[in-house]
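Understanding the architecture of this molecule
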Amino acid sequence: MIFLDANHADVETVVMAGEMVVVTGEGELGGRAAAALLLADWGVLREGGTLLLDSAEGWAGAVWRLGRGAYALHLAQRTRFTAEEAVAAGLCDSVTAFELGGRSAVALDSAASLIRRRGGDALERAEFARLFAAGIPRQGLTAFLRKEKPRF
């Protein structure tokens, strides 16, 4: 799992990562900083922050997140969003810090990798086999059978 600050994030690192990428930003984010936040697997824009769709990179990130829904923002000439508006519009995921919330970091990385590669069933089966061979799911499965919360 990779954690990056939007103001110092390299967009290529965000896009090419083979694991889950969490990008956090605060203040006014535009240009490449906005793009890094929008292209991340999980984007956190802190309370009081502003997201600006003021560049081609930012709009590319909006299209990545929203698909054709970005077109509606463009038609409405929406280019500035408070943190709360950005979450409501689906442009970022949270205004608070990212937390695993009892989920396995390895499982989240695997899911992000599969989503990025869009390889279909063959890649999913290979990743599932890799995780089981490494013993990763055993903790979750054991906890489930014991009706306990897993500890990763």
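As a starting point, this report considers the structure included with it. (Residues numbered from 1 in each chain as written. Predicted model: local features only at pLDDT ≥ 70, side-chain atom pairs only at ≥ 80, totals over all residues. Heavy atoms only, no water.)

Extensive coverage of helix α2 (residues 31-39) is indicated by the burial of 8 of its 9 residues. Those residues of α2 not exposed but buried are Gly31, Ala33, Ala34, Ala35, Ala36, Leu37, Leu38 and Leu39. (Buried < 20%, exposed > 50% of the residue type's maximum accessible area, 1.4 Å probe, protein only. Helix = DSSP H or I, 4+ residues; strand = E, 2+ residues; numbered from the N terminus.)

Here we have 3 strands laid out as an open sheet, ordered β3-β5-β6, and mixed in their pairing. Whereas interior strands pair on both sides, the edge strands pair on one side only; in this sheet they are β3 (28-29) and β6 (80-82). Of the strands in this sheet, β3 and β5 (50-52) are in contact with α2, which crosses β5 at around 105 degrees. (Pairing = 2+ DSSP bridges. Contact = heavy atoms within 4.5 Å. Axes fitted to C-alpha atoms, helices over the stretch in contact; angles between N-to-C directions.)

This part is about the pairing of strand β1 (residues 2-5). Bridge count between β1 and strand β2 (residues 21-25): 4 bridges; the pairing is parallel. If you follow aspartate 5 over to β2, its bridge partner there is threonine 24.

Turning to its location among the elements, serine 55 is positioned in the loop between β5 and α3 (56-66). Judged by relative accessible area, which is 16%, serine 55 ranks as buried. Within the structure, serine 55 has its side chain in polar contact with the backbone nitrogen of glycine 58 (distance 3.0 Å). (Polar contact = N/O pair within 3.5 Å; in protein donor to acceptor, adjacent residues only side chain to side chain.)

Our focus in this paragraph is the sheet that holds β2. Taken in spatial order, the 3 strands line up as β1-β2-β4 in an open sheet, and their pairing is parallel. Both edges of this open sheet fall to β1 and β4 (42-45), since each of them pairs with a single strand only. The average angle at which neighbouring strand axes cross in this sheet is 15 degrees, direction not considered. Sheet strands touched by α2: β2 and β4. Its angle to β2, the strand with the most contacts, is close to 140 degrees.

With the exception of glycine, most residues fall at negative phi, and the peptide bonds are largely trans. Phi at glutamine 77 takes a positive value of approximately 60 degrees, unusual for a residue other than glycine. The residue glutamine 77 is located in the loop between α4 (69-75) and β6 in this model. Phi at lysine 147 is positive, roughly 60 degrees, even though this residue is not glycine. Mapped onto the elements of the fold, lysine 147 is located in the segment after α8 (137-145).

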